[in-house]
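Each chain, letter by letter, is given below.
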Amino acid sequence: MTETKPKTAEELLEGTYRNVRMCADSLLDLLPHVKNEELKSEMTTEVSVYEAFSSRIVKEMREHGITPSEINPIARFSAKMGTFWHTLTDPSAPHIAQMILEGTTMGVGNLLRALREAENTGVPEHILTIARDVCNYEEETMERIKAFLK
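To start, this report covers the structure provided alongside it.

**So, the side chain of E46**
Point 1. Mapped onto the elements, E46 comes out in helix α2 (residues 37–63).
Point 2. It turns out E46 is buried and unbridged, and the closest side chain with the opposite charge, R144, is 4.7 Å from it.

Pasting the structure below:
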């Protein structure tokens, strides 16, 4: 997710939507390379949760008259190629877990910055809650993924 500086509820929703889409898409790109069944199960669960977040955010966006924009195709292709090359050289569970941790850490950092700014701009509480829920889930995910670094 690119760093955002939300000034409105719509911008926070867009940023949060891009975050969950990038997470789900990245995990889906990684799944075919995962041999460890426990890690594969964890990732599959994460995809389901990110899809549920995506639906929740899209519903809220539509209520605000916003059409969700998809991730930039060039950024998407770049991420796909990065996944391909990183798993080609090392498809081990610890390496894939490290990739997930790095991506999630970046996403959480960007979303937390956007959330902190939005908290001081009058964004409605229920929209802040959506972004907080995503951040909380991603932080919990990082803790679970750490078990695969061994």
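**Topic: the side chain of E14**
Point 1. With respect to the helices and strands, E14 occurs in helix α1 (residues 9–30).
Point 2. Dropping the residues within four chain positions of it, E14 is found in contact with M61, I66, T67, P68 and S69.

**As for α1**
Point 1. Between its first and last C-alpha, α1 extends 32 Å over 22 residues, near the 32 Å set by a 1.5 Å rise per residue.
Point 2. Burial of α1 is extensive: 17 of the 22 residues sit out of reach of the surface.

**So, the packing of α1 against helix α4 (residues 93–119)**
Point 1. Remark: α1 packs on α4, axes separated minimally by 10 Å, with the N-to-C direction vectors making an angle of 175 degrees. Regarding the angle of α1 to α4, the classification is roughly antiparallel. Contacts between α1 and α4 involve L12, T16, N19, L27 and L30 from the former and I96, M99, I100, G107, V108, L111, A114, L115 and A118 from the latter.
Point 2. In terms of residue class, the contact of α1 with α4 is made up of 11 nonpolar, 3 polar and no charged.

About the criteria used
- Residues numbered from 1 in each chain as written.
- Predicted model: local features only at pLDDT ≥ 70, side-chain atom pairs only at ≥ 80, totals over all residues.
- Heavy atoms only, no water.
- Helix = DSSP H or I, 4+ residues; strand = E, 2+ residues; numbered from the N terminus.
- Buried < 20%, exposed > 50% of the residue type's maximum accessible area, 1.4 Å probe, protein only.
- Lys, Arg positive; Asp, Glu negative; His and termini not counted.
- Salt bridge = Lys/Arg side-chain N within 4 Å of Asp/Glu carboxyl O.
- Contact = heavy atoms within 4.5 Å.
- Expected span 1.5 Å × (residues − 1).
- Axes fitted to C-alpha atoms, helices over the stretch in contact; angles between N-to-C directions.
- Parallel < 35°, antiparallel > 145°, perpendicular 65-115°, else oblique.
- Nonpolar A, V, L, I, M, F, W, Y, C, P; charged D, E, K, R; others polar.

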